[in-house]
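The residues making up each chain are set out below.
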Amino acid sequence: METMPSTGWMIGAFLLIVVLFIIGFVLGINYRKKVAEKEMSSAEEEAKRIINEGIKSAENKKREALLEAKEEIHKNRSELEREVRERRSELSKQERRLQQKEENLDKKTDHLDKKTEALNEKMAAVEAQKEEVAKIKRGQMEMLEKISGYSIEEAKNYLIESVRTECTHEMASAIKEVEAQYKEESESLAREIIATAIQRCAADHASEVTVSVVQLPNDEMKGRIIGREGRNIRSIEQLTGCDLIIDDTPETITVSSFDPVRREVARIALEKLIQDGRIHPARIEEMVAKAQKEVNATIKAEGERAVFETGVNGLHPEIIKLLGRMKYRTSYGQNVLNHSIEVAHISGLIASELGENIATAKRAGLLHDLGKSIDHEVEGSHVTIGAELARRYKESNDVVHAIEAHHNDVEPHTIIACIVQAADAISASRPGARRENIENYVKRLEKLEEIAKSFHGIDECYAIQAGREIRVMVSPDKVTEDETVLLARDIAKKIESELTYPGQIKVHIIRETKAVDYAK
């Protein structure tokens, strides 16, 4: 029972504390409110003071800015006025200068007008003098015509003829002097070089024919080759492209063809057929194929032999085959492959004596007649064909030019081309190297004499030395001593352009003047 009053006491104390806390809290709030109000009023006063000071400062700065702007405007205005004054003074100076120039131009124009008038007067005076000089000249010309007895055209022709005669004499004299000088300097050296080359490259020659002859064991074999109703001979001719000539000549058959390779294939095939004895179209076809293989192998071997003998390296395989084909090609009875090998050796020897490129000289000498390997199959001269083949297989320009120039189809402009020309002539002109049939020989002699007779002032001409020389007799009253030199050169040039011949031809002009009188 004692606990009840103590508990009420505690509750009353707690309530008292709560009430005191609430009263304290309310009093605190009121105090903070008053403090805040005081602070707010002081802050408003401070803000008003700051605003007033800012307004005053802005007005001061505004007045200062206006003053600075006015000073800047005043300064710019003074500078502009000064610049305007300077420009006006400069313009006034330029106006004065232009005015002076105009005055000077006016003075010059007046001066030119006066000069033009003076020149017109002088030109009129010159024209008058010209007319007077022309009259005097005409009078002098008429007087000269009367004195000399020549008209103007006759006098002009006389002068031209005199000058032409004098020039002809001087030209002939100059040619003689140059020829004599070069002969003295070069003949001994040329003889030594050529003699050395010929001696160091001696070769045997045997003339070859352009037809092939096949020997038969007996005349009965002719009938077997012809076959029933000619089927065997037709088969052979069709497969080989050659003509078989079977005549009354005992135990021989002649194989004829413009293509030497085909002719060789036909000859080998016939020999194999005769040796085998079985002759019929199937066997003929088989033997022709075998003969073709043999000939192709021989062509390759001969081309490689030529390359090995001459020491020429780096040739295209097709060129080597074309060289091998030349084994079956002849020119004036001379084997073209052997001739090419010999020209290569001679070209190398001459080049070594002259200090030129020996390898290029040998290469050009070996390939100079390359076109003859296919000239029966392709249109054009062997020179053109050979040059085209060399270009196609990437030969050098010196080699191509030497091929083009070795018959003077183009003018030689390298030492190598001239060396190949000389070597070609040496090989072709060896005793027994070449031959030609009597019909072509007679035609060439007749053509040679015909060319010589086509010139003015020729009395007689004779081809001698088997066509190696032509002697021309001229009329002394039509051809002067000086003109004989030019005539010989003209005849030689025409022979070169119109004739094909081995070696060279000497043109010998003879002019004879006789004087006869009698003592009484």
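Here, the structure is the one placed above.
As a starting point, this report considers the structure included with it. (Residues numbered from 1 in each chain as written. Predicted model: local features only at pLDDT ≥ 70, side-chain atom pairs only at ≥ 80, totals over all residues. Heavy atoms only, no water.)

## Focus on the overall build of the chain
For step 1, the next point in the chain: Along the backbone of the chain there are 14 helices and eight strands.
For step 2, the next point in the chain: Per-residue burial over the chain gives 30% buried out of 520 residues.
For step 3, the next point in the chain: Across the chain, the fraction of contacts at a sequence separation of at least 24, relative to all contacts at a separation of at least 6, is 62%.
For step 4, the next point in the chain: Summing over all exposed atoms, the chain offers an accessible surface of approximately 35,600 Å²; the carbon and sulfur share of this is 54%. (Helix = DSSP H or I, 4+ residues; strand = E, 2+ residues; numbered from the N terminus. Buried < 20%, exposed > 50% of the residue type's maximum accessible area, 1.4 Å probe, protein only. Contact = heavy atoms within 4.5 Å. Areas by Shrake-Rupley, 256 points an atom, 1.4 Å probe, with all protein chains shown as cover.)

## Concerning the sheet that holds strand β6 (residues 458-464)
For step 1, the next point in the chain: A sheet is described by the order of its strands in space; here three strands give the open sequence β6-β7-β8, paired in mixed fashion. This sheet does not close on itself; its edge strands, each paired only once, are β6 and β8 (506-511). Averaged over neighbouring strand pairs, the angle between their axes works out to 20° when direction is ignored.
For step 2, the next point in the chain: Sheet topology note: the β6/strand β7 (residues 469-474) ladder contains six bridges and is antiparallel. Across the sheet, residue A463 finds its bridge partner in β7, namely I470.
For step 3, the next point in the chain: Its contacts with the sheet place helix α14 (residues 481-498) against β6, β7 and β8, and it is angled at close to 150° to β8. (Pairing = 2+ DSSP bridges. Axes fitted to C-alpha atoms, helices over the stretch in contact; angles between N-to-C directions.)

## Things to note about a nonpolar patch on the surface
For step 1, the next point in the chain: Taken together, I11, F14, L15, V18, F21, I22, F25, V26 and I29 make up a surface patch of nonpolar side chains, about 870 Å² in accessible area.
For step 2, the next point in the chain: Along the polypeptide, F25 turns up in helix α1 (residues 3-148).
For step 3, the next point in the chain: We classify F25 as partly exposed; its relative accessible area is 46%. (Patch = residues over 30% accessible without salt bridge, like charges linked within 9 Å, V, L, I, M, F, W, Y side chains within 5 Å. Salt bridge = Lys/Arg side-chain N within 4 Å of Asp/Glu carboxyl O.)

## A short note on the pairing of strand β3 (residues 252-256)
For step 1, the next point in the chain: The buried fraction of β3 is high, at four of five residues.
For step 2, the next point in the chain: Summarising the sheet, strand β2 (residues 243-245) and β3 pair through three bridges and their orientation is antiparallel. Across the sheet, L244 pairs through a bridge with V255, a residue of β3.
For step 3, the next point in the chain: In textbook terms, the turn of a hairpin is the stretch between consecutive antiparallel strands, and for β2 and β3 this stretch comprises six residues, one of which, E251, has a positive phi near 55°.

## What about the packing of aromatic side chains?
For step 1, the next point in the chain: Under the definition given, this model contains zero aromatic pairs.
For step 2, the next point in the chain: In this structure, K494 packs its charged tip against the face of F455, placed 5.5 Å from the ring centre. (Phe/Tyr/Trp six-rings, centres within 6.5 Å; stacked < 30°, edge-to-face > 60°. Lys NZ or Arg CZ within 6 Å of the ring centre and 35° of its normal.)

## Things to note about the packing of helix α10 (residues 382-392) against helix α11 (residues 397-405)
Helices that pack against each other are described as a pair by the angle of their axes relative to one another and the distance between those axes.
For step 1, the next point in the chain: Viewed as axis vectors pointing N to C, α10 and α11 meet at an angle of 170°, and their least axial separation amounts to 8 Å. One way to sum up the angle between α10 and α11 is to call them roughly antiparallel. Between α10 and α11, the contacting residues are V383, G386, A387, A390 and R391 on the first element and V400, I403 and E404 on the second.
For step 2, the next point in the chain: The residue inventory of the contact of α10 with α11, partitioned by class, reads five nonpolar, one polar and two charged. (Parallel < 35°, antiparallel > 145°, perpendicular 65-115°, else oblique. Nonpolar A, V, L, I, M, F, W, Y, C, P; charged D, E, K, R; others polar.)

## Digging into α10
For step 1, the next point in the chain: All buried positions along α10 are accounted for by H382, V383, I385, G386, A387, L389 and A390.
For step 2, the next point in the chain: Contacts made by the buried residues of α10 are with α7 (317-325) and α11.

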